[in-house]
Amino acid sequence: MLCSALMMQAQRFSSFSNDPDKTVEEMKEYLSSVNKDRQKDADALLEEFTKYWTTSIDGESQMAFLQEANKLLKRRFRPIPQFASFIYAYMAFTGSDFADEVETWNQFVEYHATNNVTQFSTKMQLYVGFFKDNVLNKEDNVKWVAMGFAEKMGFDGEPYFDFSDINLEGHSAKDSIEVSDVSGRYFPGRLKFQANGGKVFWDRAGLDMSVRAVLGKYEVDLKYPKVTAYDATFYYPELFDHPIIGRVDLKATLPTSEEKATYPRFVSNLRTLPIPNLYPDVDYVGGFDLRGASIYGTTSGDTLAMVTIRRDNQIIIRALSHSFLIKPTNLLSEDAKVSIYIETDSIYHPAANFKYNNETKDLLISRPKQGVGRSPFFDSYHKLEIIVESVQWNTQEERLEFRPIVGQKAEHSAFFESYNYYDESVMHEITGINYENPLYTLWQLYNGNSYQPVTIEDVIGWFNKPPLDIKAMMIDFAARGFIEYDINNNQLYYRSKIARYLNNQVKKKDYDYIRLESKTHYASMDLLTNDLKVTGCEFFVLSDPQIVNVYPMNELVTVKKNRDMVFSGRVIGGLFDFVTHNCHFDYDRFLVDM
């Protein structure tokens, strides 16, 4: 009964006449059909409409209004909110610079009445904001504003507005972004802005206005406070003497300081971009990502980003990584393949933490305490595996230091093991309760694959054991120096230590017992002579079968190329006990020259 009564009441008004003098009274009659709980809204609307109709609209626009209003009545649009939103939008339209485009405006209204029925009121409200304040879209957590006026209003299958050389602002609840000097076409129906051109600056991240990007063609989804432009030309005169091509990302997030800003962002297309003299005597080659003021040296695929440090125009340090964080005062990576060059040899670590401080000129290369980074340093010049917390170098000095990291709990000792060192207890630990030594099983896989890299899936399939167990085993093997496990690229590289240990176990190959323990966890290498001085070495074994032990004076041993050594102190061999000064040990001949 109630529904029937309301329907009959609504049917009392079917159309507006073509006499503008009667429109106010007809509107009053039409709005009287609203429910009582919306009557206040209807009264306010009627008051505004009356003033508008009698003072602010010309005859042509009145007739156009009546024409479109009758179309909406035929569609049975409700007085509130649909018809009300149409009235407010019409009022905003006729107060805009496009008031003469009545025919085009009616096409806009008809388009939305046909294609956006459920969103009709929202679209009309959108036009109110646009015509009054140049708002392109406003929702709960997003607002887009054109800082400038549209040049053209048109209809080509859908409504559009054309802009030229405006600033485009996107706002979230607490942040904003801006692209300046933008031209393009705004589609209110789809809430898209097809842009051509524009400039992005990094001043919000504290960089000067010379750091900028000039955008090509891109599309902005106005439902989100962000912009992505894949065609951008980037300028950073302090680093590059030419522009580079790539992608720009802007996003309104949360308020932050210049130092912590992570937007705007630029990502270079070229992933082998050279930056000579990133800092004095420090060069970079790789991808270039700028996030706020922070530079990330990144890469993709198998090609890693590279940092080199020079001394007297010779490369001393090379670090390869998937990602470097580059700041004005320092550079770091948490997973770098680092080589320290010594003539034609090197000290190498496959997964080190790498940090260089440009202000103090200090370099820190440290072994992570977890995962594959526990691998030793491999010193091919002295033929040693070095188990030490870090290698440190002030690049203005002539000395590398092997030492603990200041401020962290240090391991008790550092160890310097000969490449031919063999420890039977290690093989017992690895074999455990297995019928076959897992190291031998892994060697068989490499042997059948011509010692080329294998994947972890290859290893899991070969062992036919639970994947987590095999992954943990491979990480342990990497930490012991038997393989190099590149987790990022899912590659496991063979190291000859596997074969040496297997041959040593069955006495097929000679091995030694040279393992220098530094109780002070310290050693240094002279960059002029390449001598490695190990301190805190109370004693070491030259030959276990012949019971030859050395007790160095002042606990100091100097290691030269290929494990040749110089020391003073006490040498005990069987029944003989000597005290010597500047004793020379020749590794190849395995003789002590006193």
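Everything numeric in this text was worked out from a predicted model, so none of it was measured.

1. A word on the confidence of the model for the protein chain
The share of residues in the protein chain with pLDDT of 70 or more is 97%, and the mean pLDDT across the chain is 92. pLDDT under 50 marks residues 1–10. Its contacts with residues more than four places away, or in other chains, come to 4 contacts.

2. So, unusual backbone geometry
Following isoleucine 80, the chain continues into proline 81 via a peptide bond in cis, with omega recorded as 15°. When you line up the elements, proline 81 lands in helix 5 (residues 79–94). In this model, tyrosine 263 is joined to proline 264 through a cis peptide bond whose omega is 0°. As for its position among the elements, proline 264 is in the loop between strand 11 (244–251) and strand 12 (265–268). For asparagine 134, which is not glycine, the phi dihedral falls at a positive 60°. Checked against the element boundaries, asparagine 134 lands in the loop between helix 7 (120–133) and strand 1 (135–139). Accessibility expressed as a relative area gives 14% for asparagine 134, which makes it buried. The phi dihedral of asparagine 464 falls on the positive side, at around 55°, and the residue is not glycine. Inspection of the secondary structure assignment puts asparagine 464 in the loop between helix 10 (456–463) and helix 11 (467–479).

3. Topic: the packing of helix 2 (residues 23–31) against helix 3 (residues 39–55)
Direction vectors running N to C along helix 2 and helix 3 enclose 170°, while the axes themselves pass 10 Å from each other. Taken together, the axes of helix 2 and helix 3 are roughly antiparallel relative to one another. Side by side, helix 2 and helix 3 meet where Thr23, Val24, Met27, Lys28 and Leu31 of the first sit next to Gln39, Ala42, Leu45, Leu46, Phe49, Thr50 and Trp53 of the second. The residue inventory of the contact of helix 2 with helix 3, partitioned by class, reads 8 nonpolar, 3 polar and 1 charged.

4. Some details on the packing of aromatic side chains
This model, assessed by the stated rule, comprises 56 aromatic pairs. Arranged with centres 6.4 Å apart and planes meeting at 50°, the rings of phenylalanine 49 and tyrosine 52 form a pair that is tilted. Note that phenylalanine 49 and tyrosine 52 are positioned in helix 3 at a spacing of 3 residues, about one turn of the helix. Just as phenylalanine 49 is buried, tyrosine 52 falls in that class too. A centroid spacing of 5.5 Å and a plane angle of 85° characterise the contact between phenylalanine 108 and phenylalanine 161, whose relative ring orientation is edge-to-face. On the criterion of sequence distance, the pair formed by phenylalanine 108 in helix 6 (residues 102–115) and phenylalanine 161 in strand 4 (residues 159–171) is long-range, its members being 53 residues apart. Owing to a relative accessible area of 0%, phenylalanine 108 belongs among the buried residues under this scheme. Above the plane of the ring of tyrosine 296 lies arginine 291, whose end atom (NZ or CZ) is 4.0 Å from the centre. When the ring centre of phenylalanine 415 is taken as origin, the NZ or CZ atom of arginine 515, which lies over that ring, is 3.9 Å away.

5. A closer look at the side chain of serine 380
Residue position: serine 380 is located in the loop between strand 22 (377–379) and strand 23 (384–387). Those residues in contact with serine 380 that sit more than four places away from it in its chain are Asp345, Ser346 and Tyr419.

6. Some points on the nonpolar core
Among the nonpolar cores identified, the biggest contains 141 residues, and Phe161, Phe193, Phe288 and Phe354 are the most heavily contacted of them. If one sorts the elements of this core by residue count, helix 5 sits on top with 10 residues. Among the nonpolar cores identified, the runner-up in size contains 28 residues, and Val459, Tyr485, Ile498 and Leu502 belong to it.

7. Focus on a nonpolar patch on the surface
Judged by side-chain polarity, Leu575, Phe576, Phe578 and Met594 come together as a nonpolar surface patch covering roughly 490 Å² of accessible area. Considering the arrangement of structural elements, one finds methionine 594 in the segment after strand 37 (591–593). Given a relative accessible area of 48%, methionine 594 falls into the partly exposed group.

8. Some words on empty space enclosed by the protein
Enumeration over the complete set of coordinates arrives at 1 cavity of 30 Å³ or more. Taken as a whole, the largest cavity spans an internal volume of roughly 170 Å³. Lining the largest cavity are 19 residues; nearest its centre among them are Asp335, Lys337, Pro350, Ala351 and Asp486. For the lining of the largest cavity, the secondary structure elements donating two or more residues are strand 17 (314–321), strand 19 (330–342), strand 20 (345–357) and strand 27 (483–486). Per element, the largest residue contribution to the lining of the largest cavity is 4 residues, and it comes from strand 27. Of the residues that constitute the lining of the largest cavity, the class distribution is 11 nonpolar, 4 polar and 4 charged.

Quick notes on the rules
Residues numbered from 1 in each chain as written. Predicted model: local features only at pLDDT ≥ 70, side-chain atom pairs only at ≥ 80, totals over all residues. Heavy atoms only, no water. pLDDT = per-residue confidence, 0-100. Contact = heavy atoms within 4.5 Å. Helix = DSSP H or I, 4+ residues; strand = E, 2+ residues; numbered from the N terminus. Buried < 20%, exposed > 50% of the residue type's maximum accessible area, 1.4 Å probe, protein only. Axes fitted to C-alpha atoms, helices over the stretch in contact; angles between N-to-C directions. Parallel < 35°, antiparallel > 145°, perpendicular 65-115°, else oblique. Nonpolar A, V, L, I, M, F, W, Y, C, P; charged D, E, K, R; others polar. Phe/Tyr/Trp six-rings, centres within 6.5 Å; stacked < 30°, edge-to-face > 60°. Lys NZ or Arg CZ within 6 Å of the ring centre and 35° of its normal. Core = buried A, V, L, I, M, F, W, Y, C linked by side-chain atoms within 4.5 Å. Patch = residues over 30% accessible without salt bridge, like charges linked within 9 Å, V, L, I, M, F, W, Y side chains within 5 Å. Areas by Shrake-Rupley, 256 points an atom, 1.4 Å probe, with all protein chains shown as cover. Salt bridge = Lys/Arg side-chain N within 4 Å of Asp/Glu carboxyl O. 1 Å grid on protein atoms, 1.4 Å probe; cavity = no way out; pocket = protein on both sides within 12 Å on 5 of 7 lines; lining within 4 Å. Points joined across faces, edges and corners; volume = space filled by probe spheres on them.

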